[in-house]
Each structure stands twice: as structure tokens, then as C-alpha cells.
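Observations on the three-dimensional arrangement
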Amino acid sequence: MKFRYKVIIINIFLLSITLGIVGFILMQRTYRITMDSAVKSAVTTNNLVQSSVEYSLLDIINSSEERIKTGLPSIGKTVYSGMISGEERLIIRYNDEYVYLSCPYSDNFDYLEKNSFFDFSGDTMKNYMILREDDRVFIYVTSYSGMGENALNVITGQDITDIDLFMRETIANYRNMTIIILSSSTLLLYIISRLLTRPLEQLSTTTDSFANGDYSIRSHIKSSDEVGNLSERFNSMADSVEDHVEELNDMIHRREQFVADFTHEIKTPMTSIIGYADTMRSLELSHEEQQTALNYIFSEGKRLEAMSMKLFDLLYLKDHPIEMLDISTAVLAKNVTTSITPLMEASGISLKYDIEPAVIKGDQALLETVFINLLDNSRKASSAGGTVEFIGKSISSETSNPDKEKCLYRFTVKDYGIGISDEDKKKIFDEFLMADKSRTRAAGGAGLGMSLVSVILSRHNTSPEIESTLGEGTSIYIDFEIIRSES
């Protein structure tokens, strides 16, 4: 069931209950007030008639019982004709016998007899009862007068049909009015609920489209209420989801590209290895030709080994903890420069380094891998005769406490080579990116070194900062917290 219909049903139900209770209380109060007034009028009339009958009996009160009995009808007739209109009724009952009736005897009189109408208790000398006769309604009031051992009952009947009709019409009018109010309210509630729920329906439609894959769709509901806030939050969520979807699609694309490139990287040396091995197996080669083939098989095999080890390191570091120990920056730099210097010299590139002694926390072997990869990339990006700089020094960094400064140690790897484009800078540490495939392959790599650098640094709770200009060179900064100074 739609929300708007629930709103309509609940409101109409509550309105019906309210109108019913209010109407019932109002009708009951009106009926009670009206009937109390009618009863008082009927009792007053009965008092007057009783007084008249008793006054007329004064002349014969001391007569015999038989004379009283025969005189009451004429007294009743006289009183009835003189004091009560033709619409009213007068009945005189003497010793349980009706001696005068202004109307024909009916079953109602039997009903009065059977329902204690003539039973008087205590000081109560009057009783009344409301009876319906065909299409008319009467209030019967009876009085009791003791005449020695005899009992005289003067009964008056007052027609209250008009009052009954008035109450019936009032109830009918209220019922019709209630129906009109409920009908009008239903229509009005439908219009209001439709206006109120239309934005929700629009948002629902937008959500369905979004769920079906249209990530560009947005809600255009503008309001200052909760629906407007929900619309804004939906748009924020949609922006976030769309960005993540684009990132995932881009990652999937780059993953597929990486798999294709890496497959090609493996295929190239494998083809050469198989080719040279088959040549040596099937042909007679000179010693020099054999050495050339073996050297090529060896170098390509080492490159395959290096690629597989880097892939293993990437996978291993993501799922295993590392041991953080004190590291001397001087010792770390010495090991790195010792490893990278032969490659620099072979490429005709100068390595300049200036390392300030300090102690930092980390895994020395992994950090050596980081700086060897960074320096090797700088070597690959530089031309013969170029220079690569490796610098380490302490710096000050602001903290949340304005009275204190945090001491950091910054490593800088700088070259003056080909540089990195702004687009590649954003993705250079992505494990599925090979920014320059031809240069990477020519230098004997597979584009995994920078990915390994990113993973290692993230495990050390730091990250590289890159500044680069195409054609001018690249600077990479990495900061660590200083444990203590070292002389």
C-alpha cells in the first residue's frame, strides 16, 4: 500500500473516531437536557391535574366509596376539558381500576402495570415512564394520593413526539454532516498527501534509476524540510558512489592493462630464452655464440626472477606485519649508496648524497629497498652525464600544540631528468600502472618498483610527496619521525 493511502486511512480513522465520540457526547448531552426539561414539564402538568382532581373530590371525599368511584369519571372529564389540550392524556385509576380514560385503552397500560409504574416506595409519590405508541412518543407521569385504605392515581400523558423528531433530525443532520466532513477531508487529505509524497515518489524513481545503473542521475528536489535534506544526502551518496564506481572501473581497466602488459613482459624473455635454448639444442654453435646465448638466457632469467620476487613482496607486505626497529640514517644511506653506485656509474650518472645522522623507526631492509628503487628510477629518468641527489636532514613540523614543534627527518631523492606528467603523478605508485612501458622494459623493469615503494611506506605510516616538471626533473620527499639525534 502506498504511503499516501496509509496517511489518508489513518487520518480518516482518527477523524471518524473523534467525530463519533464528540457527536455521541454532544447528542447524549442534548438529549438529556431536552428530556429533563420535558420530564419537568410533564411532572408540573401532573401536579396541576392532581391538585385539580383532589380539589374536586373535596365535596364527596366523605361520601361512600361507591359514590367516589362513580364521581371520579365526571371529575376527570371536567378537569381534562378545562386544563389539558386534546393532545394530552388524562387517566384516573382508583383502587387498581381505571375509572377515567381520555384515550382508548391500549397495551401500553398493561406495560405500565407490569413495569412497576404504580409501585411507590419511601417518599416517592410520583413515577414517570416514556413510551412509544405507533409513531408518537408520550411521557406518562403518575401520582399517588392515599384516601384511607383506598389509592388514587392521577396519570397524565404528555406528547413529546416533536422532541423525539427533533432529536432524530439532529442525529440525522449530524450523521450527514459527518459524512460530508469525512468525504471532504478524504479529498483534501488525498490532495495534501499527494503534494507531500510527490517529492518522495520522485526520489524513489530517481533511486530506482540509480539502482539500475544510471549513476549520473540526481535528485532535483529543493525544499528546506526533511525530504529536501534526504534529497541532498542522496545526491551526496550518489556523488560518492559514482566516484567509487569510476575508481573501480579505472582500477579494473588498469588491472586488465597490467595483466596484459605483465603477460607481455613475461612472454618476451620467455620467447628469447626458448629460442636461444632451442638454437643451442639443435645447432652447432661456436664458443662465442654459445656464451652470447647463455648470457642472454641468464639475463632474461634474472629479470623474470626479479619480477616474480617483486610481485611476491607486494602480496606479502599487504598481509603480514613488519618489525619496527631503530635505524641509523647514516647506516641506511651507506647501504643504499653502496648498492646503487655501480648502476649509476655504469649509466654515466653522478650520485651526490648528503645524509645528516639521526635515528628513525622502521624495517631497514624494506627502507633500503625503497630508496634503491627511487634512486634507480631517477637513474632511468636521467641521461648520461646527469646527476642524482640523495639528501637526508631533520626538519621542523607544526603540531596541534602551538608551543611545540614536531621533529621530522626528510629524505629527498632528486633528479634532473625527463620529469613526470601531472596525470602520471597521481598514479605513479599504483601497482597496476607502468607509466613509460618502453623505458621500463629497456631498463630491465616491469613497472612494479614504485608500487612496492608505496606499500612499504604505507606500512611505515608515511607517504611520498612528489614535485616534478616535464623536462626539468623530479623531487620525491619522504618524512619520518625522529626518535633521537645521532652524532
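Residues numbered from 1 in each chain as written. Predicted model: local features only at pLDDT ≥ 70, side-chain atom pairs only at ≥ 80, totals over all residues. Heavy atoms only, no water.

Let us look at the overall build of the protein. Within the protein one finds 11 helices and 12 strands. Residue burial in the protein is summarised as follows: out of 487 residues, 37% are buried. The long-range share in the protein, meaning contacts at least 24 apart out of those at least 6 apart in sequence, stands at 67%. When the accessible surface of the protein is totalled, it reaches about 28,900 Å², and 54% of it is carbon and sulfur. (Helix = DSSP H or I, 4+ residues; strand = E, 2+ residues; numbered from the N terminus. Buried < 20%, exposed > 50% of the residue type's maximum accessible area, 1.4 Å probe, protein only. Contact = heavy atoms within 4.5 Å. Areas by Shrake-Rupley, 256 points an atom, 1.4 Å probe, with all protein chains shown as cover.)

Before going further, it helps to examine the packing of helix α8 (residues 364-381) against helix α11 (residues 449-459). One way to put it is that α8 packs onto α11 with a least axis distance of 9 Å and a crossing angle of 145°. Viewed along their axes, α8 and α11 form a crossing whose handedness is left-handed. In this structure, α8 contributes Leu-366, Leu-367, Thr-369, Val-370, Asn-373, Leu-374 and Asn-377 to the contact, and α11 contributes Gly-449, Met-450, Leu-452, Val-453, Ile-456 and Leu-457. Counted by class, the contact of α8 with α11 contains 9 nonpolar, 4 polar and no charged residues. (Axes fitted to C-alpha atoms, helices over the stretch in contact; angles between N-to-C directions. Left-handed = near helix turned anticlockwise from the far one by under 90°. Nonpolar A, V, L, I, M, F, W, Y, C, P; charged D, E, K, R; others polar.)

A surface patch of nonpolar side chains, amounting to about 730 Å² of accessible area, comprises Ile-10, Phe-13, Leu-14, Ile-17, Ile-21, Phe-24 and Ile-25. On the secondary structure map, Ile-25 appears in helix α1 (residues 3-56). By relative accessible area, which is 52% here, Ile-25 ends up exposed. (Patch = residues over 30% accessible without salt bridge, like charges linked within 9 Å, V, L, I, M, F, W, Y side chains within 5 Å. Salt bridge = Lys/Arg side-chain N within 4 Å of Asp/Glu carboxyl O.)

When you tally the buried positions in strand β8 (residues 358-362), you get 4 out of 5 residues, the bulk of the element. Of the strand pairs in this sheet, strand β6 (residues 325-328) and β8 are connected by 4 bridges, and their pairing is antiparallel. Along β8, the bridge assignment pairs Leu-325 with Gly-362. Where β8 meets strand β12 (residues 473-485), 3 bridges bridge the pair, whose relative direction is antiparallel. Paired with Ala-358 across the two strands is Ser-485, which belongs to β12. (Pairing = 2+ DSSP bridges.)

At their nearest, the axes of helix α7 (residues 329-346) and α8 sit 9 Å apart, and the two run at 35° to each other. In terms of crossing hand, the pair formed by α7 and α8 is right-handed. Contact residues: α7 offers Val-331, Leu-332, Asn-335, Val-336, Ser-339, Ile-340, Leu-343 and Met-344, while α8 offers Gln-364, Leu-367, Glu-368, Phe-371, Ile-372, Leu-375, Asp-376 and Arg-379. Residues of the contact of α7 with α8, tallied by class, amount to 10 nonpolar, 3 polar and 3 charged.

Overall, the predicted model of the protein reaches an average pLDDT of 82, with 86% of residues at or above 70. Here helix α10 (residues 437-442) stands out as the element of the protein with the lowest mean pLDDT, 47, in contrast to strand β7 (residues 350-355), whose mean of 94 is the highest. Considering only residues more than four positions removed or in separate chains, one finds that residues 437-446, a stretch of pLDDT under 50, has 19 contacts. (pLDDT = per-residue confidence, 0-100.)

Before going further, it helps to examine the pattern of salt bridges. A full pass over the atoms with the stated rule returns 15 salt bridges. Between Asp-239 and Arg-218 there is a salt bridge, with the nearest N and O atoms lying 2.7 Å from each other. Taken together, the residues span a long stretch of sequence, with Asp-239 in helix α5 (residues 226-282) and Arg-218 in the loop between α4 (161-211) and α5 at a distance of 21 residues. Judged by its relative accessible area of 36%, Asp-239 falls in the partly exposed class. A salt bridge links Lys-361 to Asp-326, with the shortest nitrogen-to-oxygen separation between them at 3.3 Å. With a gap of 35 residues between them, Lys-361 in strand β8 and Asp-326 in strand β6 connect regions that are remote in the sequence. A relative accessible area of 36% places Lys-361 in the partly exposed class. According to the relative accessible area criterion, Asp-326 is partly exposed, its value standing at 39%. In the salt-bridge network here, residues are joined through shared partners; they are Arg-132, Asp-164 and Arg-168.

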